Amino acid sequence: MARLPFTRIGIAGAGVIGSGNLAGLGVRLAELGVTAESGGRIVLYDKFDAAIIAAMGKARDSIDFRITKRRLKPEIRDVFGDMVRQTTTLADLAECDLVLESLPEDRDLKRQFYSALRTHTKAPALSTTSAIPPAHIGADGLAHPFTPCDRRWFIEFAGPAAARLWFQRMGWTCYDVKPEIPGFAIDPLLSALVVEAVCMVEEGLGTVAEVNDWFDQLFGGSGPFNVMDITKGNPLVVSVLTSMYQHLEAWENAWFASPKKLIDQGTTLWLDPKRPAAALPSPDVLMEIEDRVLATFAWAQERVDREGILRGGLGAWNDLTRRALGFKAGVGDILNTHEPGRIQRAARRHSAEGMHFQPSPPDHQGSDPCSSVDPRRAVLTPFRHDVSVREEGGVAIITITRPEQMNAIRRRTLLELAEVVAGLSPNLAGAVFTGEGGILAGADVELFAKMKAEQLLGYILLGQSVFASIQGLPIPTIAAYDGFALGGGAELGAACDARIMTPWSMFGQPEVTLGLIPGFGGTVRTFDWVSAEKGRFLLETGKKILAPLALEIGWATVLTDDDVVAEACRMLREQRVPKTSLAPDVLTSEVDDSEAPVAAERPELGLSRAILGILSRHLEVINGVGREDALRREPFAVMKCYRTNDFQEGIRAFLEKRKPVWQHR
């Protein structure tokens, strides 16, 4: 089990979000081996006993349901019960390492809470419900789940690094957002869609059930009214709309005027769960609904891009919208499947008819009436799915953005990296390579199970080419890690001039534990930074080591408790990272693979002798040959692994989350 930074968690607020957080966090802590005896504690605070009792009942019901469905072990119930402490006394949160606030969306109430909390504890305190920027209420940051955390394990996050690490180790995918932005990324889009749906009903396009079902058939996501019913989200949406209305400029804020019907609905359900599915309307009505939703998508995407709301850019936005809202595809992909002119026309019509697309801001007078939304930019500006790039103070920051897969590197990732690297200016102070949230967990292993031999070889050769281009850049480069630096993620770092890590980050080349060996240059570039003895140990055991040890052996260059990307940028601007020049070794005579010694058996490590033999022979063969020759040989050693039975077993075992049963052949 990965060590958790925090095991004593406070939950403030026992409403819908609070009870969901209680159940989800309690179960997850128990699954990770945290118990009351080991110091685990969840303190559930609310001013009202009745709210606490109701939240506990909901949490227990959720756990019991999952036990009956055999999703949880029965003993989890008792472990959960032992860890939870209920209180109406705010001072009891003083014993917590981390406080998650889930109070109602009332700015004054939240301010009073954080002000009072600080008299008892200095532990990080994050809002888990707020569309209000954390600084406006006194929170240290935001950990905003689209639904309560017992439902979906991903969040919008803005907060201290230690809290982010805790969420990551708890298994959450974190999408980094700008903390000063009201409404963040998902809430404005969801709220705008709900407004559109309510207006469609008010205008007579269809009934609540019809509009909901037609939306679902067009885009997926089960429809906005159904989402409101499941989450009891009407009051929260009204609160988000109010917050956005107060923060945005006058030219844009009418998007967020709450329809009277939405306000009056309160917590009353919109839909009868036993209703029959709605029949499709006329093509004209369906086209009208689709146009209005596409225009809403275009506005929301343009806002995210314009404001830089998500650190991962439009690739992260596309991924987040698909996961959070359950659409058939991400919003960016949906927009890109439609003709740009259609979306422009829909936006113009929205503006002309006084609907929810607003006219241009004052400084855009005389331009296109939809330039504030600029659907052409949202649709026609290509966005990369897996890689984002931005420039800050003369430094390029290149981020792999596949947070759902821990930024695993697939073929598309490599192609986008190649495009970005080729476009970097030689006049930059340098380039920082990182993953969303600081994680680079390696190649996308799931794809290996589907690859044929020629596909795997092509993937490895592409990776070799891309990483060689990174090493060959004329500007200094730094890889920045705030989490895992494993496999292909570590090989990317080895291709850079320096590597900066947080102390809790972890480095390793664990390929042998999967039935293969490094293929993006790891069997060569590891030895640029690590001694022969330690390098062989890491490659032949697949051991993962913490950053302080990685620094001691020479692989890591710098450790920092601060933001690794910001520190890397400072190092490059201050020219603290020289461009490394690695001259090729003198070529030696060819060595016959068959004459190389076979790796010693390591039964205590539970590794494949067949894979170890291939790795050992490869390392012996490349010892003393030129770097380019050594790198050329590496993909073919990987292909030898591919042809073994143990390669297939290692990949299957990884995907099935079990120990491999090696055949050693």
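Residues numbered from 1 in each chain as written. Predicted model: local features only at pLDDT ≥ 70, side-chain atom pairs only at ≥ 80, totals over all residues. Heavy atoms only, no water.

## Focus on the overall build of the protein chain
Alright, step 1. When helices and strands are counted, the protein chain shows 27 helices and 17 strands.
Alright, step 2. Counting over 665 residues, the protein chain shows a buried share of 58%.
Alright, step 3. When contacts within the protein chain are restricted to residue pairs at least 6 apart in sequence, those whose partners lie at least 24 apart make up 72%.
Alright, step 4. Only carbon and sulfur atoms are counted for the fraction: they give 53% of the accessible area of the protein chain, which is about 26,900 Å². (Helix = DSSP H or I, 4+ residues; strand = E, 2+ residues; numbered from the N terminus. Buried < 20%, exposed > 50% of the residue type's maximum accessible area, 1.4 Å probe, protein only. Contact = heavy atoms within 4.5 Å. Areas by Shrake-Rupley, 256 points an atom, 1.4 Å probe, with all protein chains shown as cover.)

## A short note on the side chain of E540
Alright, step 1. Residue position: E540 is located in helix α22 (residues 532-541).
Alright, step 2. Residue classification places E540 among the buried positions, given a relative accessible area of 7%.
Alright, step 3. For E540, the side chain forms a polar contact with the side chain of R536, separated by 2.7 Å. (Polar contact = N/O pair within 3.5 Å; in protein donor to acceptor, adjacent residues only side chain to side chain.)

## A short note on the environment of D49
Alright, step 1. Position of D49 relative to the elements: it lies in helix α2 (residues 49-68).
Alright, step 2. For the pair D49 and T87, spaced 38 residues apart in sequence, the C-alpha to C-alpha distance is 8.1 Å.

## Some details on the nonpolar core
Alright, step 1. With 69 residues, the main nonpolar core has F433, L456 and W555 as its most contacted residues.
Alright, step 2. In this structure, F433 is in contact with I398, L417, V421, I470, L473, T477, I478, A479, A480, L492 and C496, ignoring residues within four places of it in sequence. (Core = buried A, V, L, I, M, F, W, Y, C linked by side-chain atoms within 4.5 Å.)

## Structural notes on the pattern of salt bridges
Alright, step 1. Summed over all chains, the structure comprises 41 salt bridges.
Alright, step 2. Linking E105 and K110 is a salt bridge whose minimum nitrogen-to-oxygen distance equals 3.3 Å.
Alright, step 3. E105 gets classed as buried once you look at its relative accessible area, which sits at 18%.
Alright, step 4. Given a relative accessible area of 0%, K110 falls into the buried group. (Salt bridge = Lys/Arg side-chain N within 4 Å of Asp/Glu carboxyl O.)

## Observations regarding the packing of helix α21 (residues 522-529) against α22
Alright, step 1. The contact between α21 and α22 brings their axes to 9 Å, and the two run at 140°. Classified by the interaxial angle, the pair formed by α21 and α22 is oblique. The crossing of α21 and α22 is right-handed. Side by side, α21 and α22 meet where G522, T523, T526 and F527 of the first sit next to A532, G535, R536 and L539 of the second.
Alright, step 2. Of the residues in the contact of α21 with α22, the class split is three nonpolar, four polar and one charged. (Axes fitted to C-alpha atoms, helices over the stretch in contact; angles between N-to-C directions. Parallel < 35°, antiparallel > 145°, perpendicular 65-115°, else oblique. Left-handed = near helix turned anticlockwise from the far one by under 90°. Nonpolar A, V, L, I, M, F, W, Y, C, P; charged D, E, K, R; others polar.)

## Considerations on the pairing of strand β11 (residues 430-435)
Alright, step 1. In terms of burial, β11 is largely enclosed, as six of its six residues are buried.
Alright, step 2. Judged by which residues are buried, β11 turns out to be covered on both faces: G430, V432 and T434 on one side and A431, F433 and G435 on the other are all buried.
Alright, step 3. Strand direction decides the pairing type here: strand β10 (residues 395-400) and β11, joined by six bridges, are parallel. Bridging from a neighbouring strand, V395 pairs with G430 of β11. (Pairing = 2+ DSSP bridges.)

## With respect to helix α1 (residues 16-31)
Alright, step 1. When the terminal C-alpha atoms of α1 are compared, their 23 Å separation across 16 residues agrees well with the 22 Å that a helix rising 1.5 Å per residue should span.
Alright, step 2. When you tally the buried positions in α1, you get 13 out of 16 residues, the bulk of the element.
Alright, step 3. Just downstream of α1 lies G33, where phi reads positive at about 90°. (Expected span 1.5 Å × (residues − 1).)

## Topic: the environment of P518
Alright, step 1. Take P518: it is sitting in the loop between β15 (506-508) and α21.
Alright, step 2. Ignoring sequence-local partners within four residues, the contact set of P518 consists of E491, Q509, E511, T523, L539, E634 and V638.

## Describing the sheet that holds strand β8 (residues 173-176)
Alright, step 1. Strand order in the open sheet formed by eight strands is β3-β2-β1-β4-β5-β6-β7-β8, with mixed pairing between adjacent strands. Strands with a single pairing partner mark the edges of an open sheet, and in this sheet they are β3 (84-87) and β8. The average angle at which neighbouring strand axes cross in this sheet is 25°, direction not considered.
Alright, step 2. Strands in contact with helix α3 (residues 75-83) are β2 (41-45) and β3; relative to β3, the strand with the most contacts, it is inclined by about 40°.

## Quick look at a negative patch on the surface
Alright, step 1. There is a patch of like negative charges on the surface, built from E37, E75, D78 and D82.
Alright, step 2. Considering the arrangement of structural elements, one finds E37 in the loop between α1 and β2. (Patch = residues over 30% accessible without salt bridge, like charges linked within 9 Å, V, L, I, M, F, W, Y side chains within 5 Å. Lys, Arg positive; Asp, Glu negative; His and termini not counted. Charge placed at Lys NZ, Arg CZ, Asp CG, Glu CD.)

## Description of the pairing of strand β6 (residues 141-145)
Alright, step 1. Where burial is concerned, most of β6 is hidden: five out of the five residues are buried.
Alright, step 2. Burial of β6 is two-sided: the residues G141, A143 and P145 facing one way and the residues L142 and H144 facing the other way are all buried.
Alright, step 3. The pairing of strand β5 (residues 125-127) with β6 spans two bridges and is classified as parallel. Bridge assignment links L126 to a residue of β6, and that residue is G141.
Alright, step 4. Note that β6 and strand β7 (residues 154-158) share four bridges and pair antiparallel. Within β7, the residue paired with H144 across the bridge is E156.

## Let's talk about the packing of aromatic side chains
Within a pair of aromatic rings, the relevant descriptors are the distance that separates the centres and the angle that separates the planes.
Alright, step 1. Applying the stated criterion across every chain, the model contains 15 aromatic pairs.
Alright, step 2. Arranged with centres 5.2 Å apart and planes meeting at 70°, the rings of F467 and F520 form a pair that is edge-to-face. Placement of the pair is F467 in helix α19 (residues 453-471) and F520 in the loop between β15 and α21, with a sequence separation of 53 residues. Of the two residues examined, F467 and F520, each falls in the buried class.
Alright, step 3. Taken together, a centroid distance of 5.2 Å and an interplanar angle of 55° make the contact between Y642 and F647 tilted. (Phe/Tyr/Trp six-rings, centres within 6.5 Å; stacked < 30°, edge-to-face > 60°.)

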